[in-house]
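# Overview (structure and organization)
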Amino acid sequence: MKLIDRRLRLTELLLRISISVLALLGLILIVTDSEVKLIFTIKKTAKYSDMKSVVFLVVANGIAAVYSLLQSVRCVVGTMKGTVLFSKPLAWTIFSADQVMAYLSVAAIAATAESGMIAREGEEDLQWIKVCNMYGKFCNRMAIGVSSALFASIAMVFVSCISAFSLFRLYGATKDRRTSPW
């Protein structure tokens, strides 16, 4: 069981570090992305703040990067001390926070993916034009940033599964369920 605990803690640590790196990379790629086009005599700049769903993704990525970095520190400290999570209130807190982060990230990715598809394909029924035809560099770099955020989101889902496992194993199958207060 100790081998499984060590592997689980190492996997959680690596996933949390990768979330921090990927979310920060996506945030940087998206925020620094812009392209200027001259339409007749008017300069038009495409930037991330033009689409509110992308602003939501940037905020969600920033929160996810900081949260995962803090949780990575907790994992490192726990590994160095050699302790395993035995506190039910702390396990519930971590589980709940991981769930919130996973749902927040998935929602931000879904909203941004929809906006990206509209920008790429347009929407004829609403007379929205294909923006990516005019701003190709902007759209390509934005797609890379969103892809990075997508991988961070997938890692967050796996981390939330690990935290669920860590929480629910505290209740264990070996205890008598009739005498347990929960």
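Counting restarts for each chain, with residues numbered from 1 along the sequence as it is written. Two thresholds apply to this predicted model, a pLDDT of at least 70 for residue-level local features and 80 or more for giving and counting side-chain atom pairs, whereas whole-chain, interface and lining totals are computed over all residues. For the side-chain quantities, the full set of heavy atoms in the structure was used; hydrogens and water were omitted.

## What to know about the overall build of the chain
Check the secondary structure of the chain and you find four helices and two strands. From first element to last, N terminus to C terminus, the chain shows the α and β order α-β-β-α-α-α. Radius of gyration: C-alpha atoms only; globule rule: 2.2 Å multiplied by the number of residues to the exponent 0.38. What you see for the chain is a C-alpha radius of gyration of 21 Å, clearly larger than the 16 Å of a compact globule of 182 residues, by over 25%. Seen along its three principal axes, the alpha-carbon backbone of the chain occupies a region of about 75 × 35 × 20 Å. Only DSSP runs of H or I covering at least 4 residues are called helices, and only runs of E covering at least 2 are called strands; the numbering of each starts at the N terminus.

## Describing the packing of aromatic side chains
For Phe, Tyr and Trp, where Trp contributes only its six-membered ring, two rings pair if their centres lie within 6.5 Å, and the inter-plane angle classes them as stacked under 30 degrees, edge-to-face over 60, or tilted in between. Scanning the entire structure with this criterion turns up three aromatic pairs. With 5.9 Å between their ring centres and 90° between their planes, tryptophan 92 and phenylalanine 168 make a pair best called edge-to-face. Here the residue tryptophan 92 occupies a position in helix α3 (residues 88-121), and phenylalanine 168 occupies one in helix α4 (residues 136-168), the gap between them amounting to 76 residues. With a relative accessible area of 44%, phenylalanine 168 lands in the partly exposed category. The interplanar angle of 70° and the centroid separation of 5.7 Å between the aromatic rings of phenylalanine 95 and phenylalanine 168 together place this pair among those described as edge-to-face. Here phenylalanine 95, found in helix α3, pairs with phenylalanine 168, found in helix α4; they are 73 residues apart in sequence, far enough to count as distant. A connected cluster of aromatic rings, assembled from ring pairs, spans Trp92, Phe95 and Phe168. Throughout this description, buried means an accessible area under 20% of the type-specific maximum (1.4 Å probe, protein chains only), exposed means over 50%, and partly exposed covers the range between.

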